[in-house]
Amino acid sequence: MDEAVSRNTVELCGALAGAPRFSHLSRGERFFIFPVETRRLSGAVDTINVVSREALLAALRIEEGERICVAGELRSFNNRRSEGPKLVITVFARALSIVDGEEDVNSITLRGALCKQPVLRVTPMGRDICDLMVAVNRRCGRSDYLPCICWGARARTAALFDVGDGVELTGRVQSRQYIKLIDGEPVEKTAYEVSAAEIRLIAPAKSAIGVL
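Each chain carries its own residue numbering, running from 1 in the written order of its sequence. Per-residue local features of the predicted model are confined to residues with pLDDT of at least 70, and side-chain atom pairs are confined, for both listing and counting, to 80 or more; whole-chain, interface and lining totals are unaffected and use all residues. Values shown for side chains rest on all heavy atoms present in the structure; no hydrogens or waters enter the calculation.

**Student:** Teacher, can you tell me more about the packing of aromatic side chains here?
**Tutor:** Remark: the centre distance and the inter-plane angle together describe each pair of aromatic rings, the angle taken between the planes. Geometry of aromatic contacts follows a simple scheme: Phe, Tyr and Trp rings, the Trp one being its six-membered ring, pair when their centres are within 6.5 Å, and the pair is stacked under 30 degrees between planes, edge-to-face over 60, tilted otherwise. Applying the stated criterion to the full structure yields two aromatic pairs. With 5.9 Å between their ring centres and 80 degrees between their planes, phenylalanine 22 and phenylalanine 32 make a pair best called edge-to-face. Taken together, the positions of phenylalanine 22 in strand β2 (residues 21–26) and phenylalanine 32 in strand β3 (residues 29–39) put the pair 10 residues apart, joining distant regions of the chain. Think of it in three bands: with a 1.4 Å probe and only protein chains considered, a residue is buried below 20% of the maximum accessible area for its type, exposed above 50%, and partly exposed in between. A residue is classified by how much of its surface remains accessible, and phenylalanine 32, at 13% relative accessible area, is buried. Seen from their ring centres, phenylalanine 31 and phenylalanine 92 are 6.3 Å apart, and the 40 degrees between their planes marks the pair as tilted. Remark: phenylalanine 92 occurs in strand β6 (residues 86–98) and phenylalanine 31 occurs in strand β3; sequence separation between them is 61 residues. Comparing phenylalanine 31 with phenylalanine 92, the two get one shared label, buried. Should the NZ of a Lys or the CZ of an Arg lie within 6 Å of a ring centre and within 35 degrees of the ring normal, that charge is described as sitting over the ring. One cation-aromatic arrangement involves arginine 75 over phenylalanine 92; the distance from NZ or CZ to the ring centre is 4.4 Å. Put simply, DSSP marks the helices as runs of H or I at least four residues long and the strands as runs of E at least two long, and each gets a number from the N terminus on.

Put into structure tokens, the structure is as follows:
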């Protein structure tokens with residue numbers, strides 16, 4: 001496997017929740033975006049936006065409601081054309097397939113470096129949670145800046161990490177609704193993040209560049 005890709009791998013298997021729609025044109029190639037729903041063990045549903053080349057979609061001719069598997073990478077894009085900077089998180093598809101099974105899959109592995117100081121906080125329910133921002137290099141020289149969280153003992157451990165530390169984590173990509181006040185009016189928004197089931201330090205800050 002390409003080393004750059006192995007730093008950032010995502011697998012989603014779930015239901016196509018909406019028809020693919022045109023996203024953008026890049027170097028003469030058309031890209032489309034569509035939502036995939038995956039269900040957690042708790043029953044909660046995550047709706048993740050997937051971006052795909054037109055050629056991948058044309059080969060499948062998928063329809064809304066079908067079950068699909070996506071293999072790719074988690075990408076970030078800083079959209080400055082909307083109200084204020086906005087970090088857009090999507091899965092970039094490298095492979096697509098239609099599946100018959102009913103089991104949902106939502107897994108991700110990231111290997112990168114912390115680009116912000118971890119923030120440890122306590123939820124209203126009394127659970128420890130740590131917010132992390134992980135920078136993962138792409139093969140083209142760009143980087144994706146991916147918001148991540150971890151819970152409990154892992155949160156307390158991750159809070160001790162420092163900016164520049166190299167980390168590796170596994171978990172799932174999740175969507176979360178929240179309310180934002182815009183011009184005094186409450187507006188429902190969706191945030192996307194990686195919920196880490198496992199996280200480990202792979203290089204301290206002074207040597208983290210070498211692991212990326």
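**Student:** Whenever I open this one, the pairing of strand β5 (residues 67–79) confuses me. Can you help?
**Tutor:** Note on strand geometry: in a regular strand, side chains alternate between the two faces of the sheet. Counting buried positions over the 13 residues of β5 gives 10, a clear majority of the element. Relative to β5, strand β1 (residues 8–16) is paired through six bridges, and the arrangement is antiparallel. Each bridged residue has a counterpart across the sheet, and for glycine 14 the counterpart in β5 is isoleucine 68. Strands qualify as paired when DSSP identifies two bridges or more between them.

**Student:** What is the right way to read unusual backbone geometry from this model?
**Tutor:** Glycine aside, residues mostly have negative phi, and peptide bonds are mostly found in the trans state. Positive phi, normally seen in glycine, also occurs at arginine 27, with a value near 55 degrees. Along the chain, arginine 27 turns up in the loop between β2 and β3. Of note, arginine 61 is a non-glycine position whose phi angle comes to about 55 degrees, a positive value. Among the structural elements, arginine 61 can be located in the loop between α2 (54–60) and β5. The exposed category is assigned to arginine 61, whose relative accessible area is 71%.

**Student:** How should the pattern of salt bridges be read in this particular structure?
**Tutor:** Opposite charge on two side chains lets them pair, provided their charged atoms get close. Throughout this description, the term salt bridge denotes a Lys or Arg side-chain nitrogen within 4 Å of a carboxyl oxygen of Asp or Glu. Scanning the entire structure with this criterion turns up 13 salt bridges. Of the charged contacts in the structure, one is a salt bridge between glutamate 29 and arginine 53, with a shortest N-O distance of 3.3 Å. Highlighted residues: glutamate 29 in strand β3 and arginine 53 in strand β4 (residues 45–53), separated in sequence by 24 residues. Using a relative accessible area of 29% as the deciding quantity, one classes glutamate 29 as partly exposed. Here arginine 53 falls in the partly exposed class, since its relative accessible area comes to 29%. Linking glutamate 73 and arginine 75 is a salt bridge whose minimum nitrogen-to-oxygen distance equals 3.4 Å. Glutamate 73 gets classed as buried once you look at its relative accessible area, which sits at 5%. The exposure class assigned to arginine 75 is buried, which follows from its relative accessible area of 14%. Residues joined in a network through salt bridges with shared partners are Arg40, Asp46 and Arg172.

**Student:** Please clarify how the state of the cysteines should be interpreted in this entry.
**Tutor:** Note on terminology: disulfide describes a covalent bond linking the sulfur atoms of two cysteines. What counts as a disulfide here is a pair of cysteine sulfur atoms lying within 2.5 Å. Taken as a whole, this structure holds one disulfide when the rule is applied. With its sulfur 1.8 Å from that of its partner, cysteine 13 forms a disulfide with cysteine 69. Taking the sign of the torsion about the S-S bond as the criterion, the disulfide between cysteine 13 and cysteine 69, at about 105 degrees, is right-handed. With cysteine 13 in strand β1 and cysteine 69 in strand β5, this pair connects stretches of sequence that are 56 residues apart. For cysteine 13, a relative accessible area of 5% corresponds to the buried category. With no disulfide of its own, cysteine 115 lies 9.3 Å from the sulfur of cysteine 148, the closest cysteine sulfur. Overall, the relative accessible area of 31% leaves cysteine 115 in the partly exposed class.

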